[in-house]
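Spelled out from the first residue to the last, the chains are:
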Amino acid sequence: IPIHSLNPLPYDGDEAAEPPERKRTERNDAYRVYEEIIKDNIEYDILLQDMKFDHDRLNEIVDIMLETVCTARKKIRIAGDDYPAELVKSKFMKLSSEHIRFVLDCMQENTTKIRNIKQYLKAVLFNAPSTIDSEVDCPDDAKGWARNRRVSATQTAYIAQENREDGDAAQR
């Protein structure tokens, strides 16, 4: 025998159930928290006041750092190599304003065409702590990239990776 309720609708029109948006809200909250932490770590406000740097490029760097730190992936590709996401996230969270200045300076000094700016920035950011004090002379090679220029070891690695990818694509 069916049991009939006095109120056949569980909710009145005013009390409609809200769809669960908890995960999206939690993700947005985490994103905002990481954004604040990253901006504090790199002294974002001070860098913004420094007119030497392109503000759009600085915001692009912050966005790439946030996207990388907030990813759910287990591995992150940097300059053609896959690294554990936790390692990459840890390195990005340790970057300071000096590292960001170094990255921005590298970009200003770079004369080689960058085809994938996002991947280039990820590689330079990832390697910035290791390469901030080291520069190497690039030798000439058959493709002529970075010929007789002083560039950072990070730039050299990125350019070499792009040249390998060009060679792989030409062989296909």
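Residues numbered from 1 in each chain as written. Predicted model: local features only at pLDDT ≥ 70, side-chain atom pairs only at ≥ 80, totals over all residues. Heavy atoms only, no water.

Asker: I keep staring at the pairing of strand β2 (residues 81-84) and nothing clicks. Help me out?
Answerer: Taken residue by residue, a regular strand's side chains alternate between the two faces of the sheet. One ladder, built from four bridges, connects strand β1 (residues 75-78) with β2; its direction is antiparallel. Counted as the bridge partner of I78 is D81 from β2. (Pairing = 2+ DSSP bridges. Helix = DSSP H or I, 4+ residues; strand = E, 2+ residues; numbered from the N terminus.)

Asker: Explain the layout of surface pockets to me, please; I cannot follow it from the model alone.
Answerer: Regions of empty space are outlined by a rolling probe, equal in size to a water molecule, passed over the atoms. By volume, the largest pocket is sized at about 170 Å³. Elements that contribute at least two residues to the lining of the largest pocket include exactly α1 (22-41) and α4 (85-93). A total of five residues in the lining of the largest pocket trace back to one element, the largest contributor, which is α1. Of the residues that constitute the lining of the largest pocket, the class distribution is six nonpolar, two polar and two charged. (1 Å grid on protein atoms, 1.4 Å probe; cavity = no way out; pocket = protein on both sides within 12 Å on 5 of 7 lines; lining within 4 Å. Points joined across faces, edges and corners; volume = space filled by probe spheres on them. Nonpolar A, V, L, I, M, F, W, Y, C, P; charged D, E, K, R; others polar.)

Asker: Please explain the nonpolar core as it appears in this structure.
Answerer: Most often, soluble globular proteins keep nonpolar side chains buried together rather than apart. Counting 31 residues, the largest nonpolar core has I42, I61, M65, F92, I100, V103 and L125 as the members making the most contacts within it. Sequence-distant contacts of I61, that is, excluding residues within four places in its chain, are made with I100, V103, L104, L121 and L125. (Core = buried A, V, L, I, M, F, W, Y, C linked by side-chain atoms within 4.5 Å. Buried < 20%, exposed > 50% of the residue type's maximum accessible area, 1.4 Å probe, protein only. Contact = heavy atoms within 4.5 Å.)

Asker: How should the packing of aromatic side chains be read in this particular structure?
Answerer: When we look at a pair of aromatic rings, we describe it by the centre distance and by the angle of the planes. Inspection of every chain in the model, using the stated rule, returns one aromatic pair. The positively charged end of K39 is found above the aromatic ring belonging to Y44, 4.4 Å away from the centroid. Its guanidinium or amino end placed over the ring of F126, K91 lies 4.2 Å from that ring's centre, counting from NZ or CZ. (Phe/Tyr/Trp six-rings, centres within 6.5 Å; stacked < 30°, edge-to-face > 60°. Lys NZ or Arg CZ within 6 Å of the ring centre and 35° of its normal.)

Asker: Even after reading the chapter, I still don't get the environment of Y83, so can you show me in this structure?
Answerer: Here Y83 is to be found in strand β2. In contact with Y83, other than residues within four places in its own chain, are K74, K75, I76, I78, V88 and F126.

Asker: Would you take a moment to explain the confidence of the model for the chain for this structure?
Answerer: In low-pLDDT regions, the fine details of the predicted coordinates are not to be read closely. Here the chain averages 76 in pLDDT, while 62% of its residues score no lower than 70. Here residues 136-152 is modelled with pLDDT under 50, and outside its nearest four sequence neighbours on either side it reaches 36 contacts, counting other chains as well. (pLDDT = per-residue confidence, 0-100.)

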